[in-house]
Amino acid sequence: MSLAALLNRSCTIQQRTVEGTLNAYNSPVTVLVETVTVCELQQRQRIETTDRGEVSETDWLLVVPAGTSIGTGDTVIVDGDQFEVHGDPWPARNPRTRTMSHIEATLKRTAAADDSEVGS
């Protein structure tokens, strides 16, 4: 069974791309592109500091199928929770088959105790 067959959790990847057009202030227009795919999400680390107020920071491992477009700064939504891609994703290569088997990305999520919004 391939790794891609084991990925069964739905997620949405949001990427911001720049169009060729300019807005009224001569700034490039940014477009939000959403891709729905399957993934696996696992928590790696959680830190809650009290020296800067009550702020929590969690690191997550996201695994998506090979060929999925994902990059640093993208937003990933899983079960209604938002995470930000932190650093460059890693296209994992299977040395036996000599092909890319999946992509691993580090996600971050931060929140304060009084945040009414879901963490980002």
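Since the structure is predicted, the reported quantities are computational estimates derived from the model, not experimental observations. (Residues numbered from 1 in each chain as written. Predicted model: local features only at pLDDT ≥ 70, side-chain atom pairs only at ≥ 80, totals over all residues. Heavy atoms only, no water.)

> Looking at this structure, how should I read the overall build of the chain?
Helix and strand counts for the chain come out as one helix and seven strands. In the chain, the order of α-helices and β-strands from amino to carboxyl end is α-β-β-β-β-β-β-β. Scored against the burial criterion, the 120 residues of the chain give a buried share of 30%. Within the chain, contacts between residues separated by at least 24 positions form 52% of all contacts whose residues are at least 6 apart in sequence. Carbon together with sulfur atoms contributes 48% to the accessible area of the chain, which is approximately 7800 Å² in total. (Helix = DSSP H or I, 4+ residues; strand = E, 2+ residues; numbered from the N terminus. Buried < 20%, exposed > 50% of the residue type's maximum accessible area, 1.4 Å probe, protein only. Contact = heavy atoms within 4.5 Å. Areas by Shrake-Rupley, 256 points an atom, 1.4 Å probe, with all protein chains shown as cover.)

> Just checking my understanding: could you explain the packing of aromatic side chains for this structure?
We describe a pair of aromatic rings using the distance from one ring centre to the other and the angle between the two ring planes. One pass over the full model with this rule turns up one aromatic pair. Look at Trp 60 and Phe 83: their rings are 5.3 Å apart centre to centre, the planes differ by 70°, and that puts the pair in the edge-to-face class. Of this pair, Trp 60 sits in strand β3 (residues 55–65) while Phe 83 sits in strand β5 (residues 81–85), placing them 23 residues apart in sequence. No difference in accessibility class separates Trp 60 from Phe 83, as the two residues are buried. A cation sits over an aromatic face here: Arg 109 above Phe 83, 5.6 Å from the ring centre. (Phe/Tyr/Trp six-rings, centres within 6.5 Å; stacked < 30°, edge-to-face > 60°. Lys NZ or Arg CZ within 6 Å of the ring centre and 35° of its normal.)

> When you look at the confidence of the model for the chain in this model, what are you seeing that I'm missing?
Close inspection of predicted coordinates is inappropriate in any region flagged by low pLDDT. On average, residues of the chain carry a pLDDT of 87, and 87% of them reach 70 or more. The spread of mean pLDDT over the elements of the chain runs between helix α1 (residues 3–6), the lowest at 77, and strand β4 (residues 75–78), the highest at 96. (pLDDT = per-residue confidence, 0-100.)

> It is not clear to me how the side chain of Thr 68 should be interpreted in this structure. Could you clarify?
Mapped onto the secondary structure, Thr 68 falls in the loop between β3 and β4. A polar contact is formed between the side chain of Thr 68 and the backbone oxygen of Pro 65, at a distance of 2.7 Å. Excluding its chain neighbours within four sequence positions, the residues that come into contact with Thr 68 are Ile 13, Thr 37 and Ile 103. (Polar contact = N/O pair within 3.5 Å; in protein donor to acceptor, adjacent residues only side chain to side chain.)

> Is there a simple way to think about the pattern of salt bridges in this case?
Where side chains of opposite charge bring their charged atoms close, a pairing between them can arise. Scanning the entire structure with this criterion turns up four salt bridges. Here Lys 108 makes a salt bridge to Glu 57, at a shortest N to O gap of 3.0 Å. With Lys 108 in strand β7 (residues 99–112) and Glu 57 in strand β3, the pair connects residues that are 51 residues apart, well separated along the chain. Here Arg 109 and Asp 81 are joined by a salt bridge, their closest N and O atoms 3.7 Å apart. Taken together, the residues span a long stretch of sequence, with Arg 109 in strand β7 and Asp 81 in strand β5 at a distance of 28 residues. (Salt bridge = Lys/Arg side-chain N within 4 Å of Asp/Glu carboxyl O.)

> Explain the side chain of Gln 15 to me, please; I cannot follow it from the model alone.
The topology assignment puts Gln 15 in strand β1 (residues 9–22). Reaching out from Gln 15, the side chain makes a polar contact with the side chain of Asp 74 at a distance of 3.0 Å. Residues in contact with Gln 15, not counting those within four places in the same chain, are Val 31, Leu 32, Val 33, Ser 69, Ile 70, Gly 71 and Asp 74.

> What's the story with unusual backbone geometry in this structure? I'm lost.
Note on backbone geometry: most residues besides glycine have negative phi, and most peptide bonds are trans. With phi around 60°, Asn 26 is a residue other than glycine that occupies positive phi space. Among the structural elements, Asn 26 can be located in the loop between β1 and β2 (28–49).

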